[in-house]
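Spelled out from the first residue to the last, the chains are:
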Amino acid sequence: MTILVTGGAGFIGSNFVLDWLEQSDETVVNLDALTYAGNLQNLASVQGDARHVFVHGDIGDRALVDALLARHQPRAIVHLAAESHVDRSIHGPGEFMKTNVEGSFTLLEAARAHWGSLGDVAKAAFRFHHVSTDEVYGSLAPGAPAFTEAHPYAPNSPYSASKAASDHLVRAWHHTYGLPVVTTNCSNNYGPFHFPEKLIPLMIVNALAGKPLPIYGDGQQVRDWLYVADHCSAIREVLARGRVGETYNIGGWNEKTNREIVHTVCALLDELRPSAAGPYARLITHVKDRPGHDRRYAIDARKIERELGWRPAETFETGIRKTVVWYLAHADWVANVQSGGYREWVSKQYGA
Ligand code: NAD
Ligand code: TYD
């Protein structure tokens, strides 16, 4: 058996592929365009493993996706490929529409054609698993109940609008064409291989380099943080046993303000890699707020627990410690990402 994963060289995708190959003998075909966020170094430990078939390509390339589906006959598609950074979506929304909306549309159409060609048993077993975000629900007032799956969509950034659009397409492909889909909406992830443009890895690498730790606005914005391995285990559960056509919220029950996050990272670094210049919190700088900055996200993850028995294995305290320890032990990965070395490798490998 085989599954097709899109975006498997990114942060969550590479964690998912590595976890999958640790737990199963099933082959993973990994389709990734290797944008700035894709990094094959993340997958170095499975290089040469015949169960991992890497394909450098775009989800928007219909001929390529058709050929992959025909050749590998996957029993499921786990769709993670996306442009994922809110700040980049504010500066340049075009790529987000292209990949997150049009690319998801192309992938759905290819999946529909493939699914339609299957025999009855394979057709009933097939799944299109769409990996999405809690940001589609918009911003919560302090004290308001956490997002359930029934919360109205109210995306506020070009990123979340593009993800909301893709969620709607997935829903429609199920209701109109019967494509067996499941969608998961997850809160903010953190952990190994997280690109240092996002809050937690940026704070770790900047602190170690003695650079400012930029907190947007007052830093009182709240996110619900989930260790990435827990997101991967939730995806596996939903893929295996989630009800077709349903959406499942995934979260860590860990609401924290950005200020708390940055102070926690600084305190761990003070303990694990003290700086002669003094506590890392001295580097905290408040900078101009992000336009349209959502104030609070919080996930009500009771449905996935009730139906599938899933709960996160990590608390924030255990997960953030593992994360800081990972970054301290992988200075080479950080240096390669920061120098762009991993990109040079891509152009050498794939040429023009
Ligand atoms: P990421 O930016 O780290 O990785 C995205 C991957 O997709 C990269 O490897 C990139 O090369 C690839 N990609 C981009 N455009 C592509 C295209 N057109 N064709 C093929 N591959 C392409 O993102 P991430 O943080 O790993 O997020 C993965 C998914 O999970 C996204 O769909 C995101 O919306 C969702 N999600 C992320 C979080 C989070 O906290 N990071 C939370 C909830 C949901
Ligand atoms: P981010 O990691 O970009 O995830 P998202 O915007 O998808 O939630 O940001 C997490 C929070 O941290 C968000 O409220 C923005 C804030 N933030 C900062 O305060 N400073 C930074 O340098 C970054 C990257 C984010």
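Above this text sits the structure in question.
This section reports on the structure supplied with the text. All residue numbers here refer to positions counted from 1 along the written sequence of the relevant chain. Chains and ligands are labelled sequentially in the order written, the chains with letters from A and the ligands with numbers from 1. Since the coordinates come from a predicted model, pLDDT governs what is reported: local features require at least 70, and pairs of side-chain atoms require 80 or more to be given and counted, while whole-chain, interface and lining totals use all residues. For the side-chain quantities, the full set of heavy atoms in the structure was used; hydrogens and water were omitted.

Inspection of the secondary structure puts tryptophan 310 in the loop between helix H10 (302-308) and helix H11 (316-329). By definition, residues are in contact when any of their heavy atoms lie within 4.5 Å. Not counting residues within four places of it along the chain, the set of residues in contact with tryptophan 310 comprises Leu226, Asp230, Ser233, Ala234, Glu237, Ile250, Gly251, Ile304 and Glu305. In DSSP terms, a helix is any run of H or I states spanning at least four residues, a strand is any run of E spanning at least two, and both are numbered starting from the N terminus.

A few words on the site of ligand 2. Among the 17 residues in the neighbourhood of ligand 2, the closest are listed as Glu135, Pro214, Arg223, Arg290 and His293. By the criterion applied in these results, polar contacts are pairs of N or O atoms within 3.5 Å in which, for protein atoms, one can donate a hydrogen and the other can accept it, and in which residues neighboring in sequence qualify only through two side-chain atoms. At 2.9 Å, a backbone N or O of leucine 199 approaches an oxygen atom of ligand 2. Between an oxygen atom of ligand 2 and a main-chain N or O atom of tyrosine 216, the distance comes to 2.9 Å. To measure how exposed things are, a 1.4 Å probe is used in the Shrake-Rupley method; for residues, cover is taken only from the protein chains shown. Relative to its unbound accessible area of 500 Å², ligand 2 is 96% covered by the protein chains. When its residues are assigned to classes, the shell around ligand 2 shows 7 nonpolar, 5 polar and 5 charged. One heavy atom within 4 Å of a molecule or strand is enough for the residue carrying it to be called near that molecule or strand. Gly is placed with the polar residues, together with every amino acid not listed as nonpolar (Ala, Val, Leu, Ile, Met, Phe, Trp, Tyr, Cys and Pro) or charged (Asp, Glu, Lys and Arg).

Our next topic: the side chain of asparagine 258. Inspection of the secondary structure assignment puts asparagine 258 in helix H9 (residues 258-272). Accessibility expressed as a relative area gives 10% for asparagine 258, which makes it buried. If we ignore the near neighbours within four places in the chain, the residues touching asparagine 258 are Leu199, Gly219, Gln221, Arg223 and His293. Accessibility here uses a 1.4 Å probe with only protein chains present; expressed as a share of the type maximum, an area under 20% marks a residue as buried, one over 50% as exposed, and anything in between as partly exposed.

This part covers the pattern of salt bridges. One speaks of a salt bridge when a side-chain nitrogen belonging to Lys or Arg is within 4 Å of a carboxyl oxygen belonging to Asp or Glu. One pass over the structure, following the stated rule, counts 19 salt bridges. For the salt bridge of glutamate 307 with arginine 243, the shortest nitrogen-to-oxygen distance reads 2.6 Å. One end of the pair, glutamate 307, is in helix H10; the other, arginine 243, is in the loop between helix H8 (228-241) and strand S10 (247-250), with 64 residues separating them in the sequence. With a closest N to O distance of 2.5 Å, lysine 322 and glutamate 314 form a salt bridge. Note on glutamate 314: relative accessible area 17%, which makes it buried. Three or more residues are tied together by salt bridges with common partners; here these are Arg243, Glu246, Lys303 and Glu307.

In the vicinity of ligand 1, 28 residues are found, and the nearest of them are Ile12, Asp32, Ser84, Tyr159 and Lys163. Between ligand 1 and the protein, one listed contact pairs an oxygen atom with a backbone N or O atom of asparagine 189 at 2.8 Å. A total of 830 Å² of accessible area belongs to ligand 1 in isolation, and the protein chains cover 96% of it. Residue assignment for the shell around ligand 1 shows that the elements contributing at least two residues are helix H1 (11-23), strand S5 (127-133), helix H6 (158-177) and strand S7 (188-190). Ranked by residue count, the leading element in the shell around ligand 1 is S5, at 3 residues. Taken together, the residues of the shell around ligand 1 break down into 13 nonpolar, 12 polar and 3 charged.

Here we take up the packing of helix H4 (residues 94-116) against H6. Here H4 crosses H6 at 15°, and the two axes come no closer than 8 Å. By the criterion of interaxial angle, the relationship of H4 to H6 is roughly parallel. Between H4 and H6 lies a crossing of right-handed hand. On the side of H4, the interface is formed by Phe96, Met97, Asn100, Val101, Ser104, Phe105, Leu108, Glu109, Arg112 and Trp115, while H6 contributes Pro158, Tyr159, Ser162, Lys163, Ala165, Ser166, Leu169, Val170, Trp173 and Tyr177. Residue classes in the contact of H4 with H6 are distributed as 13 nonpolar, 4 polar and 3 charged. Here an angle of 0 to 180 degrees is reported between the N-to-C directions of two axes, which are lines fitted to C-alpha atoms, with helices fitted over the stretch in contact. For classification purposes, an angle smaller than 35 degrees is called roughly parallel, one larger than 145 roughly antiparallel, one from 65 to 115 roughly perpendicular, and anything else oblique. Two helices that cross are described as forming a left-handed crossing if the nearer one is turned anticlockwise from the farther one by less than a right angle, and a right-handed crossing if clockwise.

What describes a pair of aromatic rings is the distance from one ring centre to the other and the angle between the planes of the rings. Ring pairs are drawn from Phe, Tyr and Trp, using the six-membered ring of Trp, whenever the two centres fall within 6.5 Å, and their geometry is named by plane angle: stacked under 30 degrees, edge-to-face over 60, tilted for the rest. Throughout the structure, instances matching the rule amount to 16 aromatic pairs. Between tyrosine 36 and phenylalanine 195, the aromatic rings sit 5.2 Å apart at their centres with planes inclined by 80°, giving edge-to-face as the arrangement. Pair noted here: tyrosine 36 is in the loop between strand S2 (27-32) and strand S3 (52-56) and phenylalanine 195 is in the loop between S7 and helix H7 (199-208), with a separation of 159 residues, a long-range link. Here the aromatic cluster, defined as three or more aromatic residues joined through ring pairs, consists of Tyr137, Phe147, Tyr153 and Tyr297. A ring is considered to have a charge above it if a Lys NZ or an Arg CZ atom is located within 6 Å of its centre and within 35 degrees of its normal. Geometry around tyrosine 36 places arginine 88 over its ring, the cationic atom sitting 3.4 Å from the centre. Sitting above the plane of the tyrosine 177 ring, arginine 112 keeps its charged end 3.7 Å from the centroid.

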